[in-house]
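Structural characterization, general
Here is how the chains run, residue by residue.
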There are 2 protein chains.
Amino acid sequence: MTQTATILRTGRKFDQVLRGAREVFMADGFEGASVDDIARAAGVSKATLYSYFPDKRLLFMEVAQNECRLMSERILSMIDETKPAREVLQIAATQLTAFLVSEFAQQVFRICVAERDRFPELGRAFYEAGPQNGQRQMAAYLEKAVSKGELCIEDVQIAAEQFSELCKVRIWSRAAFGIQNCFRQDEIDEIATQAVDMFMANYGCGPSKK
Amino acid sequence: MTQTATILRTGRKFDQVLRGAREVFMADGFEGASVDDIARAAGVSKATLYSYFPDKRLLFMEVAQNECRLMSERILSMIDETKPAREVLQIAATQLTAFLVSEFAQQVFRICVAERDRFPELGRAFYEAGPQNGQRQMAAYLEKAVSKGELCIEDVQIAAEQFSELCKVRIWSRAAFGIQNCFRQDEIDEIATQAVDMFMANYGCGPSKK
DNA sequence: TTGTATCTGAACCGAGCGGTTTATAAACTG
DNA sequence: CAGTTTATAAACCGCTCGGTTCAGATACAA
């Protein structure tokens, strides 16, 4: 995965190629995207494209890696630890839920799953940069909340995973199966609230002030 | 989806074709499976195959529909309502968790997601026959348990969805991303137990005798 | 046995794919 | 300006694919 191999990173049109590739890959997947389409979308000749990237696979990996990085950063900016636990969780749940059903996340997920046999490294890279990283951040926060006496959790890792799983209720699989691709804010808010309620019922200390 | 159109269902080798198609499609997906491969796997000439099915798409749909039916039946046989709620849920959680990460379910899911643009009906058909149907059964059971006073649930539909979502914690996404494809029974049992614990903490009546 | 429905294998078609090449043009650099 | 790097368009190659065709083999029913 860290293999950049023989990619030419200098040159005026490198970024242009990458942007075009991102656009077409995200829309059509790996097999569905033809190199001609990508070159056209990038506003670049096929020969130019191949002067930067030795083949389609490597171009795809480059794009996917960039997407993973973006996703990771986005998750990082989600938690603000200064507020009380329930509030923090509510905000995190809302953002996470919205993100999980976004066009962006859905497309990347779809490609990872679809090409899992062709690119085993891709699924792993995405999982680590995305879900795993996000859950690590969440677990770290939960740990602090526990030591502040706000929450009662034995296994913060499992709790973090349960939290993000609860944010998928109802809408995520509808998005994954292509049944619904646009979600209203109040749908998202409701799922987030349900998730926090359930989470706090199990892990909240003292009376669940739901 | 109910469109059978011009499929020839009579003839000695119909089932043979279907079995071969199932095998190859499940292994390689829609694009990955070539008609020649399927004919070979079915032990049938390509011409014969095309005498039954007008094209590859319809053959795929037929296979996928059959798989959905099987899945639906399997989920149906999961609940035994005579025992106490916690026990019923524990059994259901174990079976559901094991099913969700099985080779079979993962392959069907992968194909649905990968081909969602090419076959929008497929995703819908699978969703209805699989998750939605399973959750309807679960919600029906929860309803009874509530009226027996075993559980306290406002929205049984949401509760059913939360239940199945909790069964995915930790292992499901690892399977989906191709990071892990074999799961020990004790891993499954642990997730199932965690799911039931959390569920009962929120919806159990009286003292949570965890 | 004769007639009919079914199956076979292999050749074939046209299209699209990833990738290469080449001759030409444009853009930087000294 | 000259020289070199970079980009272009289009033709081209080999391959695989979905789908068709057809002459002959096989099964089966009378």
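Here the structure is a predicted model, which means the values were calculated and not measured. (Residues numbered from 1 in each chain as written. Chains lettered and ligands numbered in written order. Predicted model: local features only at pLDDT ≥ 70, side-chain atom pairs only at ≥ 80, totals over all residues. Heavy atoms only, no water.)

Quick look at the domain arrangement of chain A now. All names here are of chain A. What the domain assignment lists for chain A is domain 1 (14-60) and domain 2 (64-203). Look at where the C-alpha atoms of domain 1 and domain 2 centre, and you get two points 30 Å apart. Every contact between the two is made by 11 residues of domain 1 and, on the other side, 13 residues of domain 2. For the pair domain 1 and domain 2, the summed buried surface comes to about 1,000 Å²; carbon and sulfur atoms form 56% of the total. Broken down residue by residue, the surface that domain 1 buries against domain 2 is led by Met26, Arg57 and Phe60, which jointly contribute 57%. Run the count over domain 1 and domain 2 and you get two salt bridges. Its salt-bridge partner being Arg22, residue Glu67 comes within 2.7 Å of it at the nearest N-O pair. (Domains from an automatic or database assignment. Contact = heavy atoms within 4.5 Å. Buried area = accessible area lost by both parts, 1.4 Å probe. Salt bridge = Lys/Arg side-chain N within 4 Å of Asp/Glu carboxyl O.)

Taken together, 16 residues sit near DNA strand D, with Thr48(A), Tyr52(A), Val35(B), Lys46(B) and Lys56(B) positioned nearest. Looking at DNA strand D alone, sugar and phosphate atoms form 67% of those within 4 Å of the protein. A distance of 2.6 Å is found between a base oxygen of DNA strand D and a side-chain nitrogen or oxygen belonging to Lys46(B). Put simply, the parts of the chain that give the surface near DNA strand D at least two residues each are helix H3 (46-52) of chain A together with helix H3 (46-52) of chain B. (Near = heavy atom within 4 Å. Polar contact = N/O pair within 3.5 Å; in protein donor to acceptor, adjacent residues only side chain to side chain. Helix = DSSP H or I, 4+ residues; strand = E, 2+ residues; numbered from the N terminus.)

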